[in-house]
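Architecture and fold: a report
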Amino acid sequence: MEAFHAPNDKSEEKVLNAIEDVQNEPQETEEHDSKRFKLCTPDIKAVVNIKFSVSDVKSNYRDATLLPKWKAFQTVIFLERDDGLYDSSKIAAFDFDGCLANTDVKRVGENAWSLMHSSIPDKLQSLYNDGYKLVIFTNESNIERWKNKRQVAVDSKIGRLNNFIEKVKVPVQVYIACGVGSKSGKADKKEDDPFRKPKPGMWHLMEQHFNSGIAIDMDQSFYVGDAAGRESDHSDADIKFAEAIGLKFYVPEEYFA
Ligand SMILES: [Mg+2]
């Protein structure tokens, strides 16, 4: 695993200072909670129509400011228009943590990740050259839960995604679901965030408002994620997300082998 980089500027220093506090924060994320296996309710019914207007798009998420090009809509932070990105009928969609990037809940900061599979840059470049739009759909509940360190959580997540995109050298559209889902076992469905996987809201936002009106070819499009409900998986949110949309689904070791 890649070691955490030594601080070399003020922002990283700030991140390091925050780590100590962050260690004491509740560390329950869907990506890292291996103790609790969450069975998600399938959500195969109605396609949600997402009401959207340009005035709903913000350049901050609550009290945290976003890096250039990144925007927020309701509980989603997104990167719509990376240089060289083209909308397409063919969507190659990916989860981030545990799929494209190896991350650890104990480490915070934009450099605290490594590539999950060495074949990822080549695979993504050939999909892009083949006319696919690459899209990342990632859940990140820390941004909502770290109320006093929200800027640290935002900078860490967006920084990793920016660094990942720089490393693979291919443009990617990104959606981060920041909302917190209801706890398993508690039946208060009203509290469920519509954008948090397995809910399909991030996909519908992309399809309805950020694909230039191009209809998506569901036979060629697909989604890759590690939360597939296998015995060792922390959750089944990724496979349920794909099912809710009607997308072909692969686990990362199968797709990037
Ligand atoms: Mg994952």
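What counts and how
- Residues numbered from 1 in each chain as written.
- Predicted model: local features only at pLDDT ≥ 70, side-chain atom pairs only at ≥ 80, totals over all residues.
- Helix = DSSP H or I, 4+ residues; strand = E, 2+ residues; numbered from the N terminus.
- Buried ≥ 20, exposed ≤ 12 C-beta atoms within 10 Å, placed from the backbone.
- Contact = placed C-beta atoms within 7 Å.
- Pairing = 2+ DSSP bridges.
- Axes fitted to C-alpha atoms, helices over the stretch in contact; angles between N-to-C directions.
- pLDDT = per-residue confidence, 0-100.
- Core = buried A, V, L, I, M, F, W, Y, C linked by C-beta atoms within 7 Å.

When you go through the chain residue by residue, the secondary structure sums to seven helices and 11 strands. Counting over 257 residues, the chain shows a buried share of 40%. Contacts in the chain between residues far apart in sequence, at least 24 positions, make up 73% of those at least 6 positions apart.

Direction of pairing for strand β3 (residues 70-73) relative to strand β4 (residues 76-79): antiparallel, over a ladder of four bridges. The residue of β4 that forms the bridge with Phe-73 is Val-76. Where β3 folds back on β4, the antiparallel hairpin that results is connected by two residues, among which Gln-74 adopts a positive phi of roughly 50°.

Turning to the pairing of strand β5 (residues 91-94), a few remarks are in order. A regular strand carries its side chains on alternate faces of the sheet. Where burial is concerned, the two faces of β5 agree: the one with Ile-91 and Ala-93 and the one with Ala-92 and Phe-94 are both buried. Note: β5 against strand β8 (residues 133-139), four bridges, orientation parallel. Bridge pairing links Ala-92 to Leu-134 in β8. In terms of strand pairing, β5 meets strand β10 (residues 222-224) through three bridges, oriented parallel. Bridge pairing in β10 links Ala-92 to Phe-222.

A few words on unusual backbone geometry. A cis amide bond links Lys-197 to the next residue, Pro-198, at an omega of 15°. The residue Pro-198 is located in the loop between β9 (173-177) and α5 (201-209) in this model. The phi dihedral of Lys-69 is positive, around 80°, even though this residue is not glycine. Checked against the element boundaries, Lys-69 lands in the loop between β2 (64-65) and β3.

A separate point is the sheet that holds β4. Spatially, seven strands are ordered β3-β4-β9-β8-β5-β10-β11 in an open sheet, and the strand pairing comes out mixed. If you trace the sheet from one side to the other, it starts and ends with β3 and β11 (248-250), each paired once. Recorded for the sheet is a direction-independent mean angle of 20° between the axes of neighbouring strands. When β8 meets β9, the two strands line up parallel, connected through five bridges. Directly across from Asn-139, in β9, lies its bridge partner Ala-177.

Counting buried residues along helix α6 (residues 237-245), eight of its nine residues qualify, which places the element largely inside the surrounding structure. Restricting attention to buried positions, one finds in α6 the residues Ala-237, Asp-238, Ile-239, Lys-240, Phe-241, Ala-242, Ala-244 and Ile-245. For α6, the elements touching its buried residues are β8, α5, β10 and β11. Immediately beyond the C-terminal end of α6, within one or two residues, lies Gly-246, with a positive phi of roughly 90°.

When pLDDT is averaged across the chain, the result is 85; 78% of the residues are at 70 or more. Contacts of residues 1-9 to residues separated by more than four positions or lying in other chains number 11 contacts, the stretch itself having pLDDT below 50. Scored below 50 in pLDDT, residues 14-38 shows 37 contacts in the model against residues more than four places distant or in partner chains.

Below, the discussion takes up the nonpolar core. Taken as a class, soluble globular proteins show a tendency for nonpolar side chains to be buried jointly. Ranked by internal contacts, the top residues of the largest apolar core, which has 60 residues, are Val-76, Ile-136, Tyr-175 and Met-202. Look past the residues within four positions of Val-76 in its chain and what remains in contact with it is Tyr-175, Ile-176, Ala-177, Cys-178, Phe-195, Met-202 and Leu-205.

On the secondary structure map, Val-135 appears in strand β8. For the pair Val-135 and Asp-95, spaced 40 residues apart in sequence, the C-alpha separation works out to 8.7 Å. Once residues within four sequence positions are removed from consideration, Val-135 is found in contact with Ile-91, Ala-93, Val-172, Gln-173 and Met-206.

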